[in-house]
Amino acid sequence: MRKARDTDRSTPEVHAEDGEVISDLLAKVEYWKSRGREDKVAEIWRKVLDSDPNYGQALAELCVYEAQSGRKKVAREYLRRLENAHPEHPDLPRLRRIVDMSEDYRVLIEEARALNAAGRTREAIAKYREAFGEDPPPSYLAVEFYTTLGGTKDGWEEARIGLKRLHEENPNDQDYTLVYAKHLTYREKTRREGIRLLRNLSSNSQLRNQARPAWKDALLWLHARASDKSLFKQYLSEVGEDAEVRARMDAMAVATAPPPPKSQGEQALDRNDYEAAE
């Protein structure tokens, strides 16, 4: 659920203790957002409205949530309340459009998923964009959208930017880091950064089983240079002996080894001294 802008979030009637309650609730909003639990986020926003019925951000966020859940009537009520409480709210035009198309939103997302499952990725992205309009994907669909987008010929960079933003905005949620790191390994220019992140994640007991296979794949895909030998050594040291990684490192060592010294005959040929070469 996209964070709505709000320039007038409180009312004069809100007391200091209510403000403290709202601050605590906003911290919980960020917690559940980082875990993609939009249902929990909506629950917290409703509690915010219990403290301040005119809290603009809560009204806007719940309007979006209900619209995207297919509950147009409920969404329209939140929109009406926001219009009455904050008639100049900058998100009103966007929210009206979202409510108007709410009945189609779920259908479009389902169509996008079906197209992606059928391997028709470009058409799937077009459906996602039709559902989102000019807005970025809501948080609970962001990873789904960007990983799909990253699989298209021209979408990798836009997906990288989107996944990096999620990674940076949720520093305590390493699930976002894992998705971002994997994405980086799909291109040579960012593969080493992806390897670095995956190595860090491999120490996380909850993500280890996902991070380590991706770490290994990235090493095997790497167009390795002599300076990359340490990357292979780190994997073998921290994960354990692996025949494929070992073979890849050994092959790199052979490729970068200096050639053996030339025989006297070969040196003579280099000088065009054919008699000495004999």
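Attention in this report is confined to the structure presented alongside it. (Residues numbered from 1 in each chain as written. Predicted model: local features only at pLDDT ≥ 70, side-chain atom pairs only at ≥ 80, totals over all residues. Heavy atoms only, no water.)

### Brief notes about the overall build of the chain
Tallying secondary structure elements over the chain gives 16 helices and zero strands in all. Buried residues in the chain amount to 41% of all 278 residues. Taking all contacts inside the chain whose residues are at least 6 apart in sequence as the whole, residues at least 24 apart take part in 52%. When the accessible surface of the chain is split by element, carbon and sulfur atoms take 48% of a total near 15,600 Å². (Helix = DSSP H or I, 4+ residues; strand = E, 2+ residues; numbered from the N terminus. Buried < 20%, exposed > 50% of the residue type's maximum accessible area, 1.4 Å probe, protein only. Contact = heavy atoms within 4.5 Å. Areas by Shrake-Rupley, 256 points an atom, 1.4 Å probe, with all protein chains shown as cover.)

### Focus: the pattern of salt bridges
One pass over the full model with this rule turns up 28 salt bridges. Salt-bridge contacts for Arg-120 lead to Glu-123; the nearest nitrogen and oxygen are separated by 2.7 Å. Under the relative-accessibility criterion, Arg-120 is labelled partly exposed at 41%. Note that Glu-158 is salt-bridged to Arg-129, the shortest N-O span being 3.0 Å. A residue pair is termed long-range when its members are at least 10 positions apart, and Glu-158 in helix 9 (residues 156-169) and Arg-129 in helix 7 (residues 121-132) qualify at 29 residues. Look at Glu-158 and you get partly exposed, because its relative accessible area is 36%. Under the relative-accessibility criterion, Arg-129 is labelled partly exposed at 36%. (Salt bridge = Lys/Arg side-chain N within 4 Å of Asp/Glu carboxyl O.)

### Quick word on the environment of His-223
Topologically, His-223 is positioned in the loop between helix 12 (208-221) and helix 13 (229-238). The class for His-223 is exposed, based on a relative accessible area of 56%. Between the C-alpha atom of His-223 and that of Met-252, which follows or precedes it by 29 residues, the distance is 9.5 Å.

### Brief notes about helix 8 (residues 139-149)
Note: α-helices contain 3.6 residues per turn, so residues at a spacing of three or four share the same orientation. All buried positions along helix 8 are accounted for by Ser-139, Leu-141, Ala-142, Phe-145, Tyr-146, Thr-148 and Leu-149. Buried residues of helix 8, viewed axially, fall in a sector of 155°; they line one side. Buried residues in helix 8 make contact with helix 2 (38-51), helix 6 (102-117), helix 7, helix 9 and helix 10 (174-184). (Arc of directions from axis to C-beta.)

### Observations regarding the side chain of Asp-173
Examined against the element boundaries, Asp-173 turns out to sit in the loop between helix 9 and helix 10. Reaching out from Asp-173, the side chain makes a polar contact with the backbone nitrogen of Asp-175 at a distance of 3.1 Å. Excluding anything up to four places from it in sequence, Asp-173 contacts Ser-34 and Arg-35. (Polar contact = N/O pair within 3.5 Å; in protein donor to acceptor, adjacent residues only side chain to side chain.)

### A short note on the packing of aromatic side chains
Within this structure, the stated rule accounts for eight aromatic pairs. Consider the rings of Tyr-128 and Phe-132, whose centres lie 6.0 Å apart with planes at 25°: the pair is stacked. Within this pair, Tyr-128 and its partner Phe-132 are both found in helix 7, separated by four residues, close to a single helical turn. Residues Tyr-128 and Phe-132 agree in their burial class; the two are buried. The interplanar angle of 50° and the centroid separation of 6.1 Å between the aromatic rings of Tyr-186 and Trp-221 together place this pair among those described as tilted. In this pair, Tyr-186 is assigned in the loop between helix 10 and helix 11 (188-201) and Trp-221 in helix 12, connecting sequence segments 35 residues apart. (Phe/Tyr/Trp six-rings, centres within 6.5 Å; stacked < 30°, edge-to-face > 60°.)

### Concerning the environment of His-86
With respect to the secondary-structure elements, His-86 resides in the loop between helix 4 (72-85) and helix 5 (92-100). Residue classification places His-86 among the buried residues on the basis of a relative accessible area of 5%. With 31 residues separating them along the chain, His-86 and Tyr-55 place their C-alpha atoms 9.2 Å apart.

### Concerning helix 10
Of all the positions in helix 10, only Tyr-176, Thr-177, Leu-178, Tyr-180, Ala-181, His-183 and Leu-184 are classed as buried. Capping the start of helix 10 is the job of one residue whose side-chain oxygen sits 3.1 Å from the backbone nitrogen of Asp-175: Asp-173.

### Concerning the packing of helix 3 (residues 56-68) against helix 4
Relative to each other, helix 3 and helix 4 sit at 160°, their axes nearing to 8 Å. Looking at the two axes, helix 3 sits roughly antiparallel to helix 4. Like other packed secondary-structure pairs, helix 3 and helix 4 cross with a definite hand, here left-handed. Contact residues: Gly-56, Leu-59, Ala-60, Leu-62, Cys-63, Glu-66 and Ala-67 in helix 3; Val-74, Ala-75, Tyr-78, Leu-79, Arg-81 and Leu-82 in helix 4. Here the residues of the contact of helix 3 with helix 4 sort into 10 nonpolar, one polar and two charged. (Axes fitted to C-alpha atoms, helices over the stretch in contact; angles between N-to-C directions. Parallel < 35°, antiparallel > 145°, perpendicular 65-115°, else oblique. Left-handed = near helix turned anticlockwise from the far one by under 90°. Nonpolar A, V, L, I, M, F, W, Y, C, P; charged D, E, K, R; others polar.)

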